[in-house]
Each structure stands twice: as C-alpha cells, then as structure tokens.
Amino acid sequence: MRADDIMSMNVITVSPETDIRDVAKALLDNHVSAVPVVDDRGQLLGIVSEGDLMRRRESGTERQSSWWLKMLQNPNDLAGDYVKTHGRHAKDVMTRDVVTVTAETSASEIAEILEKKRIKRVPVLHDGKVVGIVSRANLLHGLIVRKIPISSKGSETDLKKAVLEELRETGVRALINVVVSDGAVHLWGAVESNAERDALEIAAANTPGVGSVVNHVGVYPQIAGGSV
C-alpha cells in the first residue's frame, strides 16, 4: 500500500499572505489540524498547524519570559519567537522545513516517518506541488480496508514452511514444532513468557493459507527468588 492509495486528495491550502485569522478559520471549518502554504503555482512553501497558532498575542497565550531569561537567549531566537506570536500572515508562522513524501512512498515508510519525526501528517508532492496529504487517520483507514492475502491452497509441507518463516519474524528464540493438518496449524514447544506464546500464535494465524491455530506451546514457570 502506497501514499496514493490512502492519501486525502482534497487538500485545503492557504497562500503565504493569508491572514492568521483566516488560517485558523480554515482549520476549524474543515476539521483539519494543518494546512499547507503554497504559492500561486501550487508549489509548497511551508505548513501551518494548530501548534503554530497556540502561542498568540491575540489569545493571551504567548510565552512570557523573565528579563534575565531573555538576556540568556539568542537574539535570533527571540526575534523568531516574536514573529511567531505577532506575525499576521501564514508566511510569518508557518514551518518552512516540511517533511514530505511522494505518491510512491509506502505506507510503512510513512508510518515510520510520522513516528520518528513526531508529526501527525505529511504532504504528498509531485514536482514540488501538493497532490495529497497523509495523516495518522489515513493510515488507520488503510488498516481497516487492507485484506490479508489468501494464497491458493498448496501442500501442507509448503504451508508449514510458510508458518515457520513467519514464526522467525517474531524474534522468539525457542524450538517450536509445527504440525499442519487440513489447514489447521498446531504449535508445540515451550517459551519464557506469555507474550512470546501470543506472538507465535498471531504469527501463525497471519500466515496466508492458515485456517486455524491450535496453540499447545507452554510457558516455563518463573522461579521466585532465583534459586531453590
């Protein structure tokens, strides 16, 4: 699944000269948390989010630093904070260093970007122009409609190999025996925790072609005190 499979294409944008109050109104009226800022050719210049408008003079939420703290701050930072809290147009408050993706970017890569950058959405660009936007909600929509592929029925030996391959992905380091019978997978062995046991069952169930899973895997008893 790629960005163009899940992105919102009806993207609300503003111009760099859009008044701050109109930006806030666009966010509220369209129930979005951010709007890209584009020029008259549709080229992305920045993005304004709810967070960019949280500290404003008009709402009395601008940060009030003591005089001695201001003495320690970098003058450029002070000037930047002033523009952010007093600027009247989108270009004054927008974030200019915008993380973007292309239509071909995979959903898994987008999820990783959102997680690592701690952001809620990424614009999708084509030749520098905004063609869509992918938010956390879009990823959830993709999760809901995504179907687990079902392979054509093969031999039980092939299915067993596929299950074993999926079990390796769990990272569980235990000798697990897999028995396949009429599409049902039986798991045997012993692990160190219930979490490992659950991971094995989920991995087997997610393997294409598996009809059901019977989990016989046991959990080693935990010895209190460390010695007997």
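Above this text sits the structure in question.
Residues numbered from 1 in each chain as written. Predicted model: local features only at pLDDT ≥ 70, side-chain atom pairs only at ≥ 80, totals over all residues. Heavy atoms only, no water.

Caption draft 1: Here's a closer look at the sheet that holds strand β9 (residues 212–215). Strand order in the open sheet formed by 3 strands is β6-β7-β9, with mixed pairing between adjacent strands. Sheet topology places β6 (177–181) and β9 at the edges, where each strand pairs with a single neighbour. Put simply, the sheet's adjacent strands are angled 20° from each other on average, direction ignored. Looking at chain direction, strand β7 (residues 184–188) and β9 are connected through 4 bridges and run parallel. Along β9, the bridge assignment pairs leucine 187 with asparagine 215. Packing of helix α8 (residues 156–168) onto the sheet brings it into contact with β6 and β7, and relative to β6 it is tilted by some 145°. Across the sheet, helix α9 (residues 194–205) is in contact with β7 and β9; its angle to β9 comes to roughly 155°. (Pairing = 2+ DSSP bridges. Helix = DSSP H or I, 4+ residues; strand = E, 2+ residues; numbered from the N terminus. Axes fitted to C-alpha atoms, helices over the stretch in contact; angles between N-to-C directions. Contact = heavy atoms within 4.5 Å.)

Caption draft 2: Just unusual backbone geometry, in detail. Its identity as a non-glycine residue notwithstanding, histidine 31 has a phi of 55°, on the positive side. Considering the arrangement of structural elements, one finds histidine 31 in the loop between α2 (20–29) and β1 (34–38). Its relative accessible area of 71% is what places histidine 31 among the exposed residues. The backbone of arginine 118 sits at a positive phi, close to 55°, despite the residue not being glycine. Summarising the element assignment, arginine 118 is placed in the loop between α6 (107–117) and β4 (121–126). (Buried < 20%, exposed > 50% of the residue type's maximum accessible area, 1.4 Å probe, protein only.)

Remember, this is a structural readout, not a statement about activity or role.
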